[in-house]
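# Residue-level structural notes
Each chain, letter by letter, is given below.
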Amino acid sequence: MTIQYKSIKELNEMLNNKDISPTELLDETFQLIDEHKDLNAFVTLNKEGSYKAAKELDSKDAFSSLEGIPIAQKDLFCTKDILTTCGSKMLSNFVPPYTATAIENLEKAGCLSVGKTNMDEFAMGSSNETSFYGNVLNPWNKDFVPGGSSGGSAAAVAAGIVAAASGTDTGGSIRQPASLCGISGLKPTYGRISRWGMIAFASSLDQAGPMARTVEDCALLLNEMCSYDKKDTTSLNVEIPDFTHNLNNEIKNKKIGIVKEFDLSKLDQNVVKNFESSLDQLKKLGAEIVEVSIPNISLSVPTYYVIAPAECSSNLSRYDGVKYGFRTDNITDLENLYINSRTEGFGEEVKRRILIGTYVLSAGFYDAYYKKAQQVRRLIKNDFDNAFKEVDVIVSPTTRGPAFAAGSKSGDPIQMYLEDLFTIPANLAGLPAMSIPSGFENNMPLGLQIIGNHLDESTVLQVGHNFQVNTDFHNQNPSKGVS
Ligand code: GLN
């Protein structure tokens, strides 16, 4: 029996039919991890902890939806007594004394955390080429990147090693790798899932979310990941619906927006064709396609690349070689303890962001850059608020193209930053957005992005699920090739 490529739903059926026990599930999962070592998807395994949790479930007669399901956790979430590196040399010796709320919620629901997934350093990147632990490979073609920063999580799910993984998304890091690896991934509304225990990159944008093979599995995970958490001051104290509730309701008469200002003519024509056929599919399901205007959307990438580095430079100032994390051996005084620890502990992309962030926050430039960016961010949010008066969701391609060859963009930060052209607006506006598989170009997956109104994950999931049960893209996998 092989569990490879099974969804959470299918694994749950197997557990309930007694076809497999949680411990046996783990045996097979660790075997799959071993067989796919070359992907470099994991930084640390949690055999001891996950087997202990599995043994406690083995004697159960009935399994609730996530009980006994192996899951991979992005190495950005603090996990008690388990190395948590955030993809950086700076945290290569960091063993947190506590577990992030989002992960604790999943474990309370019975998920078995099998290990920590590789990622771009401090979640800065779109290709998983900035990790201190090396590149992650795309399971569909190992010469290509899996996307980033949650690339290890995306690759682990796409290779069928685990049915699900956690990710985080500051400017696209759940949706972009989900798209490039042919899986489903959801960034919820900012504040839906607690940020407590997530290593901070840009605090006003960071949000955790689920990555899985299907939309339905994402809904099951979201049900458990959300909670109001007093330990996170931006955690929303709002009702948490059952996100699976709406999934099967048809989307007839739903209004689906396409953004007038997204200039698709500059994209690869196959991506445009794929997007058009996704729109046809949604129309076939009875949805109405409506053009909406987000006049300031073209300012999203530059706005993000002021705000995110500003917050990063502030958040990362805590890594000084004194309190925890990496410390240089090269110390003659306090000043060079700081300088050398940071010089040796951070990679090139992280340093670039700290430099930009420090610059835009400095006296004399603050008003021209940081304050201006915050004002533009508000305009973008207002644009979305207006658009959502007319439509239920907004759709776009998730990325400008399929996965690209490793090394092809890493020397050109601007090209890399443009990878998130379609994903960044939802982060700036704090809105829920997901990517689902929508087809292939040259045997590499493409994704459709669905953006929802504030706190309306349910409609995003409903549209995604309806699309998915009427298409077969999510059932393809790298070992059978695209059929
Ligand atoms: N690729 C974007 C960046 O490098 C987004 C990363 C993310 O969402 N964590 O900042």
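Residues numbered from 1 in each chain as written. Predicted model: local features only at pLDDT ≥ 70, side-chain atom pairs only at ≥ 80, totals over all residues. Heavy atoms only, no water.

### A few points about the overall build of the protein
Applicable threshold: To qualify as a helix, a DSSP run of H or I must reach at least 4 residues; to qualify as a strand, a run of E must reach at least 2; elements of each kind are numbered from the N terminus. Between the two quantities, the radius of gyration covers C-alpha atoms and the globule rule is 2.2 Å times the number of residues to the power 0.38. The rule is simple: take the accessible area with a 1.4 Å probe, protein chains only, and divide by the maximum for that residue type; under 20% is buried, over 50% is exposed, in between is partly exposed. The contact rule is simple, with two residues in contact once any of their heavy atoms fall within 4.5 Å. All accessibility values rest on the Shrake-Rupley procedure with a 1.4 Å probe; residue burial counts only the protein chains present in the view. For the charge count, each Lys or Arg is scored as positive and each Asp or Glu as negative, with His and the chain ends excluded. Charged side chains are reduced to one point each, which is NZ for Lys, CZ for Arg, CG for Asp and CD for Glu.
Helices and strands together make up the secondary structure of the protein, namely 15 helices and 11 strands. In summary, the protein has a C-alpha radius of gyration of 21 Å against a globular reference of 23 Å for 483 residues, a match within 12%. Each principal axis of the C-alpha distribution contributes one length, and for the protein these read about 65 × 55 × 45 Å. Evaluated residue by residue, the protein yields a buried proportion of 61% over its 483 residues. Taking contacts inside the protein between residues at least 6 apart in sequence as the whole, the part at least 24 apart equals 75%. For the protein, the accessible area works out to roughly 18100 Å², and carbon and sulfur atoms hold 49% of it. Side-chain charges in the protein split into 45 positive and 59 negative, and the spacing between the mean points of these groups amounts to 4 Å.

### Brief notes about the site of the ligand
The test is simple: Near, as used in this document, describes a residue that has one of its heavy atoms within 4 Å of the molecule or strand being considered. Under the rule applied, a polar contact is a pair of N or O atoms within 3.5 Å (in protein, one hydrogen donor and one hydrogen acceptor; residues adjacent in sequence only if both atoms are side-chain atoms). In this classification, Asp, Glu, Lys and Arg are treated as charged, Ala, Val, Leu, Ile, Met, Phe, Trp, Tyr, Cys and Pro as nonpolar, and every other residue, Gly included, as polar.
The full set close to the ligand counts 15 residues, and Thr170, Gly171, Ser173, Tyr304 and Asp420 are the nearest of them. Within the contact set of the ligand, an oxygen atom lies 2.7 Å away from a side-chain nitrogen or oxygen of Ser173. Measuring from an oxygen atom of the ligand, one finds a side-chain N or O atom of Tyr305 at 3.4 Å. Within the complex, 100% of the 290 Å² of free accessible area of the ligand lies under protein. Here the residues of the shell around the ligand are counted per class, giving five nonpolar, seven polar and three charged.

### Quick word on the UniProt feature "domain: Amidase" (unreviewed entry) in the protein
Quick reminder of the rule: UniProt positions are given in the numbering used here, feature names are shortened, and annotations may be inferred rather than shown by experiment.
Taken from the UniProt record, the annotation "domain: Amidase" (unreviewed entry) applies to residues 26-461. Taken end to end, residues 26-461 has its terminal C-alpha atoms 29 Å apart, with 35% of it in helix and 15% in strand.

### Remarks on the packing of helix H2 (residues 22-35) against helix H3 (residues 47-57)
The cut-off we apply is this: Axes here mean lines fitted to C-alpha atoms, for a helix over just the part in contact, with angles spanning 0 to 180 degrees between N-to-C directions. Our angle categories are set so that under 35 degrees counts as roughly parallel, over 145 as roughly antiparallel, 65 to 115 as roughly perpendicular, and the remainder as oblique.
For the pair H2 and H3, interaxial distance at closest approach is 8 Å and the crossing angle is 150°. On the basis of their axis angle, the class for H2 and H3 is roughly antiparallel. The residues of H3 that touch H2, namely those facing Pro22, Thr23, Leu26, Asp27 and Phe30, are Lys47, Ser50, Tyr51, Ala54, Lys55 and Leu57. Split into classes, the residues belonging to the contact of H2 with H3 amount to six nonpolar, two polar and three charged.

### A word on the UniProt feature "active site" (unreviewed entry) in the protein
UniProt's entry tags Lys74, Ser149 and Ser173 with the feature "active site" (unreviewed entry), counted in the numbering of this structure. A maximum C-alpha distance of 11.0 Å is found for the annotated residues, which run over 100 residues; spatially they form one tight group. Locating Lys74 in the fold gives a position in strand E2 (residues 70-74). In contact with Lys74, other than residues within four places in its own chain, are Lys116, Thr117, Met119, Ala123, Ser149, Ser150, Ser153, Ser166, Gly167, Thr168 and Ser173. Among the residues examined, Ser149 registers a relative accessible area of 0% and is labelled buried.

### Topic: a nonpolar patch on the surface
For the record, the criterion: Only residues whose relative accessible area exceeds 30% and that form no salt bridge are eligible for patches; like-charged ones are grouped when within 9 Å, while nonpolar side chains (Val, Leu, Ile, Met, Phe, Trp, Tyr) are grouped when within 5 Å. Salt bridge, as used here: a side-chain nitrogen of Lys or Arg that lies within 4 Å of a carboxyl oxygen of Asp or Glu.
There is a patch of nonpolar side chains on the surface, built from Val322, Leu334, Tyr338 and Ile339 and spanning about 330 Å² of accessible area. Note that Val322 resides in the loop between helix H9 (300-315) and helix H10 (334-345). Among the residues examined, Val322 registers a relative accessible area of 37% and is labelled partly exposed.

### Regarding unusual backbone geometry
Residues Gly148 and Ser149 are joined by a peptide bond in cis, for which omega reads 5°. Within the element layout of this structure, Ser149 appears in the loop between strand E3 (112-117) and helix H5 (151-158). With a phi close to 65°, Asp81 is a non-glycine residue in the positive phi region. Relative to the elements of secondary structure, Asp81 occurs in the loop between E2 and helix H4 (101-108). Positive phi values are uncommon outside glycine, yet Leu455 reaches one of about 65°. By the secondary structure assignment, Leu455 is in the loop between strand E11 (444-452) and helix H15 (457-469). With relative accessibility at 27%, the residue Leu455 sits in the partly exposed group.

### So, the sheet that holds strand E9 (residues 393-397)
What counts here: If DSSP finds at least two bridges between two strands, the strands pair.
Ordered by their spatial adjacency, 11 strands build an open sheet running E1-E3-E2-E4-E6-E5-E10-E11-E9-E7-E8, and the pairing between neighbours is mixed. Taken across any chain shown, the strands that pair with only one partner, and hence form the sheet edges, are strand E1 (42-45) and strand E8 (288-292). Adjacent strand axes in the sheet meet at a mean angle of 30°, parallel and antiparallel pairs treated alike. With five bridges connecting them, strand E7 (residues 255-259) and E8 associate as parallel partners. When the bridges of E8 are listed, Lys255 appears paired with Glu288. Here H4 sits on the sheet and contacts E2, E3 and strand E4 (164-169); the angle it forms with E2, its principal contact strand, is near 175°.

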